[in-house]
Amino acid sequence: MKKVTFTAHCAGLGAVYNKGDVAVFPDGVADAIVAAKKGTAQPVAEKTAPAPKQTGGGSDKPPATGKDGGDPGDNKPETSENGTS
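Just so it is clear, the model here is predicted, and its values are computed rather than measured.

## A short note on the environment of Ala 23
Right, so step 1: Within the fold, Ala 23 resides in strand 4 (residues 22-25).
Right, so step 2: Along the sequence, Ala 23 and Val 4 sit 19 residues apart, while their C-alpha atoms lie 5.4 Å from each other.
Right, so step 3: Sequence-distant contacts of Ala 23, that is, excluding residues within four places in its chain, are made with Lys 2, Lys 3, Val 4, Phe 6 and Tyr 17.

See the structure below:
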């Protein structure tokens, strides 16, 4: 991914960008914008996910299930016989 700073009006990417706008694009798209002399690109630093915190034990709650302890797929809205609520 690259951060692009537009140096000229640019349209045709599904949006319109004006001079000074900044957006993040996949490398290939950013390279095409630079090649068209419509902007400059800089690599975006990949963010790393923080390690999960160790709490020393599992959850005291049982896993979530559907209504009345059934499967989650059994959660259907209650309606009258003709399908209206």
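## Focus on the sheet that holds strand 5 (residues 39-43)
Right, so step 1: Spatially, three strands are ordered 4-1-5 in an open sheet, and the strand pairing comes out antiparallel. The open sheet terminates on both sides in strands that have one partner only, identified here as strand 4 and strand 5. Recorded for the sheet is a direction-independent mean angle of 30° between the axes of neighbouring strands.
Right, so step 2: With five bridges joining them, strand 1 (residues 2-6) and strand 5 adopt antiparallel strand pairing.

## Observations concerning the side chain of Lys 2
Right, so step 1: Turning to its location among the elements, Lys 2 is positioned in strand 1.
Right, so step 2: Looking at Lys 2, its side chain comes within polar contact range of the side chain of Asp 31, at 2.7 Å.
Right, so step 3: Those residues in contact with Lys 2 that lie beyond four places of it in its chain are Ala 23, Val 24, Phe 25, Asp 27, Ala 30, Asp 31, Ala 41, Gln 42, Pro 43 and Val 44.

## Notes on the packing of aromatic side chains
Right, so step 1: Counted by the stated rule, this structure contains three aromatic pairs.
Right, so step 2: On the basis of an interplanar angle of 5° and a centroid distance of 4.5 Å, the ring pair of Phe 6 and Tyr 17 is categorised as stacked. You can see Phe 6 sitting in strand 1 and its partner Tyr 17 sitting in strand 3 (residues 16-17), a full 11 residues away along the chain.
Right, so step 3: With a relative accessible area of 2%, Phe 6 lands in the buried category.
Right, so step 4: Here the aromatic rings of Phe 6 and Phe 25 are separated by 6.2 Å at their centres, their planes lie at 85°, and the arrangement is edge-to-face. Within this pair, whereas Phe 6 is found in strand 1, its partner Phe 25 is found in strand 4, the two being separated by 19 residues in sequence. As far as the burial class goes, Phe 6 and Phe 25 line up, both buried.
Right, so step 5: Cluster of aromatic residues (ring-pair linked, three or more members): Phe 6, Tyr 17 and Phe 25.

The rules behind each value
The numbers attached to residues start from 1 for each chain and follow its sequence in the written order. In keeping with the model being predicted, local features are shown solely for residues with a pLDDT of at least 70 and side-chain atom pairs are shown and tallied solely at 80 or more, while totals for entire chains, interfaces and linings include all residues. Each side-chain value is derived from all of the structure's non-hydrogen atoms; neither hydrogens nor water enter the calculation. For the purposes of this entry, the term helix denotes a DSSP run of H or I that reaches at least four residues, the term strand denotes a run of E that reaches at least two, and both are numbered from the N terminus. Two residues form a contact once any of their heavy atoms are found within 4.5 Å. In this analysis, strands are considered paired if DSSP registers two or more bridges between them. Fitted lines through C-alpha atoms serve as axes, helices being fitted only where they are in contact, and the angles separating the N-to-C directions of these axes extend from 0 to 180 degrees. As used in this structure description, the phrase polar contact means that two N or O atoms lie within 3.5 Å; if the pair is within protein, one of them must be able to donate a hydrogen and the other to accept it, and residues adjacent in sequence are counted only when both atoms belong to side chains. Stacked, edge-to-face and tilted are the three classes for Phe, Tyr and Trp ring pairs, Trp counted by its six-membered ring, which pair at centre distances within 6.5 Å; planes under 30 degrees apart are stacked, over 60 edge-to-face, the rest tilted. Between buried and exposed lies partly exposed: a residue is buried under 20% and exposed over 50% of the maximum accessible area for its type, with that area taken using a 1.4 Å probe on protein chains only.

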